[in-house]
Structures are given as C-alpha cells and as structure tokens.
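# Summary of structural features
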Amino acid sequence: MTEKHATLKIEGKDDLSLPIYSPTLGQNVVDVSSLTGKGMFTFDPGFTSTASCESKITFIDGAKGQLLHRGYSIEELAGKSDYLEVCYLLLFGELPSAAHKEDFVSTVKNHTMVHEQLQFFYRGFRRDAHPMAVMCGVVGALSAFYHDSLDINNPQHREITAFRLIAKMPTIAAMCYKYTVGQPFMYPRNDLNYAENFLHMMFGTPCEESKISPTVAKAMDQIFILHADHEQNASTSTVRLAGSSGANPFACIAAGISALWGPAHGGANEAVLNMLDEIGDISNIETYIAKAKDKSDPFKLMGFGHRVYKNHDPRATVMRESCHEVLKELGIQNPKLELAMKLEEIALSDPYFIEKKLFPNVDFYSGIILSAIGIPTSMFTVIFALSRTVGWVAHWNEMISNPYKIGRPRQLYTGYPERAFTPVDKRD
Ligand code: SDX
C-alpha cells in the first residue's frame, strides 16, 4: 500500500499526521490507529465509514452496483461457474484447474456425512423450533467432534475445517428441515452434485429414488453462488471478531449464523415473504409504501435498501432473471412474484425510494425462487447461512493466516462520573 498522509488539526493539540493507504479498487483509507496514543478515539456507530481490515477476497462498488470475488464479477460467476468452483476461488484466490477442481469436489463429497452422534442434538429441540435456532446450536456443537483439527495456527487444520464446514452445511441444513417435518434424515449421496445433493436430502425419502429437476438444481446452485460472500457485512464481521479471540472456527461460524439471522441482514429473505403475505394484494401496496415512508412507523420494505449498494444490487438483477426462468420452467403462476414485481415497480418510481437510493437487494427475489422450489420460508435464512459459510471461512482463514489483533472497539462514555456508594438504608 502506498502511503500518503492526512493532517488532523485538534484544538490545543499538535497537528496529527495520519497515513493514507490506497487500495487496488475503491476508497482510500485513513489509518487512525495512532489516535489512542494521542488520547482520542474515532466515533463511527454502525461502522458506516470504517474499514475494519485489509482483504483480498471480495470487492463491492456500491455506486456502480459491482461485486467481484477475487476479481471475477458476480454476473460472470453466476452465469458461467458453479458453487464449489466459487468456493475454491474464495478460499484459494484462483479458479481451479480441471484437475484441482476434481480433487476439491471429491474431497467435499467425502466429507458430506456428519458424525452419527450429531443427529441426537436435533432431538433436544421441539419439532416446531425455528431451523435457524437448530442450525446455531448444531454448528456450534461441531467443535465437540473435531478435536483433531482445532489448532487454528495449523494451516492443515484450517484447511480440513474449511472442507468439513462447506461439505456438512447442506447435510446439517437439510436435517434441520427434516426434523421439523418429522421425516427421516436423508444421507448425502456421492453420485449427486452439491445442489442436487442438498435437494435430495431436503425432499428425498427412503421410500423412493429422488427426482431432481436440473432447472431447480441449477437455480439452487446459483442461489448458493449469489450468497457466497459479501465483504465485511455484519455476519462476516462477527466471524472475524469472534475469530480474533482465537475461538475455534465452528464457534466462529455459529456466531456468524446468529448475526445473519436478523431481519435487517440474512433474515430479510424470510421477512420479504412474510411481508408479501401481509400485503396480500396489489391494492394494498400503496398503504404499505406509505408505512415504509412514515418515520413514526417501524415498518420497512423488506428486501429493499442496502448499506453499500446505492445503485442496484447486482445479485438481485441475476436473481430476478433466474426467478422468471424457474417459474416459467416450472409453469408456476406465482401471485407472490406478481405482487413483488408490482411492489418493485411502484417503489422504484416513488421519490422517497429514489432519493434514499433504496433498490431491491439480494433478499427480495431469493425468497420467491426458494418458495417456488418448495423450500419453506423458515428455511430461507438457513440456506443463506449454508451459502455464506464459505465466505465466512475464507475471511476467517485470511485473518488467522496473517498478523492480527483481538478486536476491541472503544466507546463514547456518557454515563455517570465516579460517585460514592450509598448504603441501602440511606437511599430514597
Ligand atoms: C443483506 O451488508 C451486506 O452486505 C448484507 C448483505 C450480504 O450479502 O451480506 O447484502 C445481505 O443483509 C441485504 C439487506 C437485507 N435487509 C433488508 O432488506 C431489510 C430492509 N432494509 C433496511 O433494513 C436497510 O436498508 C438496511 C439495514 C439493509 C441498510 O440499512 P442502512 O444502510 O443502515 O440504512 P438506513 O437504515 O440508515 O436507511 C437509510 C434511510 C433511513 O431513512 P433516514 O433515517 O435517512 O430518514 O433509508 C430508510 C431509513 O429509514 N430505509 C428504508 C429502508 N431501508 C432504509 N425505508 C423503508 N424501507 C426500507 N427497506
């Protein structure tokens, strides 16, 4: 990184010279780490102007609506690659050769089964437990099974953990679903590709051979790609912060799953479908648009807006096209899609949404495709977590394999100054 400098002038203090680092792409950053030594902190709630780390994995240009993974555009990857190839790219930095891809796919396939003992964790949950609650618990428990690979400073341990997590998340996710519907868990099959295998474990039964539509499997694989990574979003930042304490990778991924669950983040796809159900009919759209604009009303148009994208979310564009293809191929007249399309049309012509640059994000369409495939709404964020696991692991590995410090933000304290303790018999 080339060094330029910014000068910070603070009344009564010497001018401060702060290094500026230039990126390959995107904004310059001002290194403020020396401020503590001068008795000052920066203040940036929500980290809207804060770069928390240096990374080479993913780049987002919010103004252009650009998303690159190791330099490759999401449009090219979603159109020409497949999820496991994108996993390889995110983890190792390059697209694999044919031989390397074959090895990678084979290694993942041979780690898709979970320990037989793991199934008993599910039985501790009620059948109507939210699958995300189950996922948080089961993934966090994985560290209890892999004492042979928890040395985070051992690259081989980090690599086998990456394989195990990528390979086992579909199995764990499908088991979350099977448990809620009271059907037997399905074992993975090595003759199926990653997306086919997930659909087999979700909808297959021991009673008959799984019938998997190639169109649905392709759409599923594309959904995995579109959710694989997204720079320093809330859940990835959570994984990095948890990892910075030296916590084992399974615990860090479980922390990421918890952060993703929120409706402002990965929980939005489930919230979009619930919102469409609540709106119910095109005639109610204006009422809900008004609620979204009303500051006194906590209602937000789920699936709209983004911290970074202030143009369009390129993933939503790809997802929108895929949505139409899947519904057409399956011959589904999905009234929710028609309602969603009308909502998008009205919202995008409304001055409030135009002024605040609130466009549909990745979550707006994903829920419609997933429900068309037959995935229940409560499983949408589980699938987001499944897809994002490779991004979380790639960022965790990038941090741990380079010099890092434990993350420890400070605060602006506005509480009481020191005061004397009052014995209880002297209090009012
Ligand atoms: C994901 O970070 C990532 O990369 C996340 C993600 C990933 O791949 O990891 O892309 C995945 O989380 C996508 C976002 C999914 N969330 C939703 O769809 C929920 C609805 N969206 C909002 O909650 C909101 O847009 C956020 C949380 C996504 C972004 O919030 P910001 O950047 O903090 O923006 P903001 O909430 O400050 O909103 C700016 C203004 C506000 O009005 P003012 O206070 O300036 O007057 O826009 C308004 C907000 O009230 N606003 C909305 C709105 N989103 C923002 N008003 C109505 N409906 C909305 N959806």
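Details of the structure are given in the entry above.
What counts and what doesn't
- Residues numbered from 1 in each chain as written.
- Predicted model: local features only at pLDDT ≥ 70, side-chain atom pairs only at ≥ 80, totals over all residues.
- Heavy atoms only, no water.
- Helix = DSSP H or I, 4+ residues; strand = E, 2+ residues; numbered from the N terminus.
- Rg over C-alpha atoms; globule rule 2.2 N^0.38 Å.
- Buried < 20%, exposed > 50% of the residue type's maximum accessible area, 1.4 Å probe, protein only.
- Areas by Shrake-Rupley, 256 points an atom, 1.4 Å probe, with all protein chains shown as cover.
- Lys, Arg positive; Asp, Glu negative; His and termini not counted.
- Charge placed at Lys NZ, Arg CZ, Asp CG, Glu CD.
- Near = heavy atom within 4 Å.
- Polar contact = N/O pair within 3.5 Å; in protein donor to acceptor, adjacent residues only side chain to side chain.
- Nonpolar A, V, L, I, M, F, W, Y, C, P; charged D, E, K, R; others polar.
- Contact = heavy atoms within 4.5 Å.
- Pairing = 2+ DSSP bridges.
- Salt bridge = Lys/Arg side-chain N within 4 Å of Asp/Glu carboxyl O.
- Core = buried A, V, L, I, M, F, W, Y, C linked by side-chain atoms within 4.5 Å.
- Axes fitted to C-alpha atoms, helices over the stretch in contact; angles between N-to-C directions.
- Parallel < 35°, antiparallel > 145°, perpendicular 65-115°, else oblique.
- Left-handed = near helix turned anticlockwise from the far one by under 90°.

### Digging into the overall build of the protein
When you go through the protein residue by residue, the secondary structure sums to 17 helices and six strands. Expected size for 428 residues packed as a compact globule is a radius of gyration near 22 Å; at 23 Å, the protein falls within 12% of this value. Based on the C-alpha atoms only, the size of the protein along its principal axes is roughly 80 × 65 × 60 Å. For the protein, the residues scored as buried account for 48% of the 428 residues in total. Only carbon and sulfur atoms are counted for the fraction: they give 54% of the accessible area of the protein, which is about 21600 Å². The average position of the 41 basic charges and that of the 48 acidic charges among the side chains of the protein differ by 4 Å.

### A word on the site of the ligand
Around the ligand, the structure places 24 residues, and the nearest of them are His230, Leu301, His306, Arg315 and Arg388. Take Phe304: an N or O atom from its main chain is 2.9 Å from a nitrogen atom of the ligand. For the ligand, whose free accessible area comes to 1000 Å², the fraction covered by protein is 77%. Here the residues of the shell around the ligand are counted per class, giving 10 nonpolar, seven polar and seven charged.

### Some details on helix α5 (residues 131-141)
Counting along an α-helix, one turn takes 3.6 residues, and residues three or four places apart therefore face a common direction. Burial runs high along α5: eight of the 11 residues are buried. By the burial criterion, the buried members of α5 are Pro131, Met132, Val134, Met135, Cys136, Val138, Val139 and Ala141. Among the structural elements, α4 (119-122), α6 (155-181), α10 (249-260) and α17 (380-400) are those in contact with the buried residues of α5.

### Some details on the sheet that holds strand β6 (residues 72-73)
Taken together, three strands build an open sheet; the order of strands is β4-β5-β6 and the sheet is antiparallel. Each edge of the open sheet carries a strand with a single partner, namely β4 (58-61) and β6.

### Re the pattern of salt bridges
Working definition: two side chains of opposite charge can pair if their charged atoms are close together. Using the criterion set out here, one finds 18 salt bridges in the structure. Here Asp191 ties to Arg189 by a salt bridge, and the two come within 2.6 Å at their closest N and O atoms. Under the relative-accessibility criterion, Asp191 is labelled exposed at 54%. Of the charged contacts in the structure, one is a salt bridge between Lys342 and Glu345, with a shortest N-O distance of 3.2 Å. Pair noted here: Lys342 and Glu345 are both in helix α14 (residues 335-348), with a separation of three residues, about one helical turn. The network of salt bridges with common partners includes Asp82, Glu85 and Lys101.

### Regarding the nonpolar core
Counting residues in each nonpolar core, the largest one holds 119 residues, and the members touching the most others are Phe198, Met220, Ile257, Leu301, Leu343 and Ile375. For Leu343, the contacting residues outside a window of four places in its chain are Met275, Leu276, Ile279, Ile285, Ile289, Leu301, Phe304 and Phe364.

### Side note on the pairing of β4
Two faces make up the sheet, and in a regular strand the side chains alternate between them. Residue alternation in β4 divides its side chains into two sets, Thr58 and Ile60 and Phe59 and Asp61, and both sets are buried. By the bridge criterion, four bridges tie β4 to strand β5 (residues 66-69) in an arrangement that is antiparallel. From the neighbouring strand, Thr58 faces β5, where its bridge partner is His69. With antiparallel pairing between neighbouring strands as the criterion, β4 and β5 make up a hairpin whose turn holds four residues, including Gly65 at a positive phi of roughly 70°.

### Section: the environment of His111
Residue placement: His111 occurs in the loop between α3 (98-109) and α4. Once residues lying within four places of it in the same chain are set aside, the contact partners of His111 are Ile160, Phe163, Arg164, Ala167 and Lys168.

### Regarding the packing of α10 against α17
At their nearest, the axes of α10 and α17 sit 10 Å apart, and the two run at 135° to each other. Compared by their axis directions, α10 and α17 come out oblique. α17 is crossed by α10, and the crossing has right-handed handedness. Across the interface between the two elements, Pro249, Cys252, Ile253, Gly256, Ile257 and Leu260 of α10 pack against Thr381, Phe384, Ala385, Thr389, Trp392, Val393 and Trp396 of α17. Residues belonging to the contact of α10 with α17 are distributed by class as follows: 10 nonpolar, three polar and no charged.

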